[in-house]
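Architecture and fold: a report
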Amino acid sequence: MSLEYAILVSLQERAGSGYELARRFDKSIGFFWSASHQQIYRSLKRMVELGWVAGDAVAQEKRPDKKVYRVSDEGAAELARWLAEPAAPATPRNELSVKIRGASCGDVGQVLEEVRRHHRLHAERLAVYRAIEQRDFPEPDRLSGRSRHQFLVLRGGIRTEQSMVDWCEEVISALEDEITN
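Residue numbers run consecutively from 1 along every chain, following the written order of its sequence. Per-residue local features are limited, in this predicted model, to residues with pLDDT of at least 70; the limit for side-chain atom pairs, both in listing and counting, is 80 or more; totals at the level of whole chains, interfaces and linings are taken over all residues. To obtain the side-chain values, all non-hydrogen atoms of the structure were used and water was disregarded.

By the naming in an unreviewed UniProt entry, the chain is DNA-binding transcriptional regulator, PadR family, taken from Saccharopolyspora antimicrobica.

So, in structure tokens, the structure goes:
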């Protein structure tokens, strides 16, 4: 997926400046599609050239004007076209899996420590996702439209992180047994 489609989705939810988009990527969209501020600004420039977004200058007090981007009719049509395309299947490709597979080629204890580190990171992200779920979606059965779609993505994140926590615990147990026996 190209970054442009993630930006189109974000701008369909709410118009915003490049800075505001970057903050959204840092706080929500970035959980499943990360991008640097520079990548976002480059993509916005390209999207303006393609006619997918338009930017309106907005005056600010004691600050330079900012450009607020919104999705154009062409951008909405492109997003609808892309949404109708089949998505590539998710892959479990990650460096940690390769390290675990190759643990016997090096120091199993070091690999164990790396798995413990990943366990902590996934547990922390899981806690963040669950806090967002409690704060933003206290009554999920009452959701519809955009908020329901956002909730469904969050639930996917929760399930993925829970799965990673469970898997790391399984690997930690196995590697600890291997080291002690």
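Having put the structure on the table, let's press on.
1. Some details on the state of the cysteines
What we call a disulfide is simply a covalent bond connecting the sulfur atoms of a pair of cysteines. We call a pair of cysteine sulfur atoms a disulfide when they lie within 2.5 Å. As enumerated under the stated definition, the model contains zero disulfides in all. Cysteine 105 takes part in no disulfide bond, and the closest cysteine sulfur to it belongs to cysteine 168, at a distance of 20 Å. The classification of residues rests on relative accessible area computed with a 1.4 Å probe and restricted to protein chains. Under 20% of the type maximum is buried, over 50% is exposed, and intermediate values are partly exposed. Note on cysteine 105: relative accessible area 73%, which makes it exposed. For cysteine 168, a relative accessible area of 1% puts it in the buried group.

2. A few points about the UniProt feature "domain: Transcription regulator PadR N-terminal" (unreviewed entry) in the chain
UniProt positions are given in the numbering used here, feature names are shortened, and annotations may be inferred rather than shown by experiment. Per the UniProt record, "domain: Transcription regulator PadR N-terminal" (unreviewed entry) is annotated on residues 7–80. The straight-line gap between the two end C-alpha atoms of residues 7–80 is 13 Å; of that span, 53% is helix and 26% is strand. Labels follow the DSSP assignment, with helices taken as runs of H or I lasting at least four residues and strands as runs of E lasting at least two, numbered in each case from the N terminus.

3. Points about the nonpolar core
What makes a nonpolar core is a set of buried Ala, Val, Leu, Ile, Met, Phe, Trp, Tyr and Cys residues whose side-chain atoms join them at distances within 4.5 Å. In this structure, Ile7, Leu8, Leu11, Phe25, Ile40 and Leu44 are the most contacted members of the largest nonpolar core, which totals 19 residues. Of all the secondary-structure elements, those providing two or more residues to this core are helix 1 (3–13), helix 2 (18–27), helix 3 (37–50) and strand 3 (63–71). When residues in this core are grouped by element, the largest group, six residues, is from helix 1. Any two residues having at least one pair of non-hydrogen atoms within 4.5 Å are treated as being in contact. Every residue in contact with leucine 44, bar those within four places of it in the chain, is listed here: Ile7, Leu11, Gly18, Leu21, Val53 and Tyr69.

4. Regarding the domain arrangement of the chain
What marks off one domain from the next here is an automatic or database domain assignment. Its domain assignment divides the chain into domain 1 (3–84) and domain 2 (95–180). Centre-to-centre separation of domain 1 and domain 2, based on C-alpha positions: 29 Å. Residue-level contacts link four residues of domain 1 with seven residues of domain 2. Here the buried area means the combined drop in accessible surface, using a 1.4 Å probe, for two parts upon being joined, counting both sides. Both faces combined, the contact of domain 1 with domain 2 buries some 470 Å², and carbon together with sulfur accounts for 58% of it. By definition here, a salt bridge exists when the distance from a side-chain nitrogen of Lys or Arg to a carboxyl oxygen of Asp or Glu is within 4 Å. Between domain 1 and domain 2 we count zero salt bridges in total. Counted as a polar contact is a pair of N or O atoms within 3.5 Å, where, for protein atoms, one must be capable of donating a hydrogen and the other of accepting one, and residues adjacent in sequence contribute only when both atoms are in side chains. On inspection of domain 1 and its partner domain 2, the count reaches three residue pairs in polar contact (both at pLDDT 80 or more). Taken together, the residues of the side of domain 1 that touches domain 2 break down into two nonpolar, one polar and one charged. When residue character is reported, Ala, Val, Leu, Ile, Met, Phe, Trp, Tyr, Cys and Pro are called nonpolar, Asp, Glu, Lys and Arg charged, and the others, Gly included, polar.

5. Considerations on the pairing of strand 2 (residues 53–60)
Think of it this way: DSSP has to see at least two bridges between two strands before they count as a pair. Pairing of strand 2 with strand 3, which is carried by seven bridges, proceeds in the antiparallel orientation. Bridge assignment links alanine 57 to a residue of strand 3, and that residue is lysine 67.

6. As for unusual backbone geometry
The phi dihedral of lysine 62 is positive, around 60 degrees, even though this residue is not glycine. Following the sequence through the fold, lysine 62 ends up in the loop between strand 2 and strand 3.

7. A few points about the sheet that holds strand 1 (residues 16–17)
On the basis of which strands lie adjacent, the open sheet formed by three strands has the order 1-3-2 and antiparallel pairing. Edge positions in the sheet fall to strand 1 and strand 2, since each of these pairs with one other strand and no more. As judged from the two bridges shared by strand 1 and strand 3, these two strands associate in the antiparallel manner. Among the inter-strand pairings, serine 17 is bridged to a residue of strand 3, identified as valine 68.

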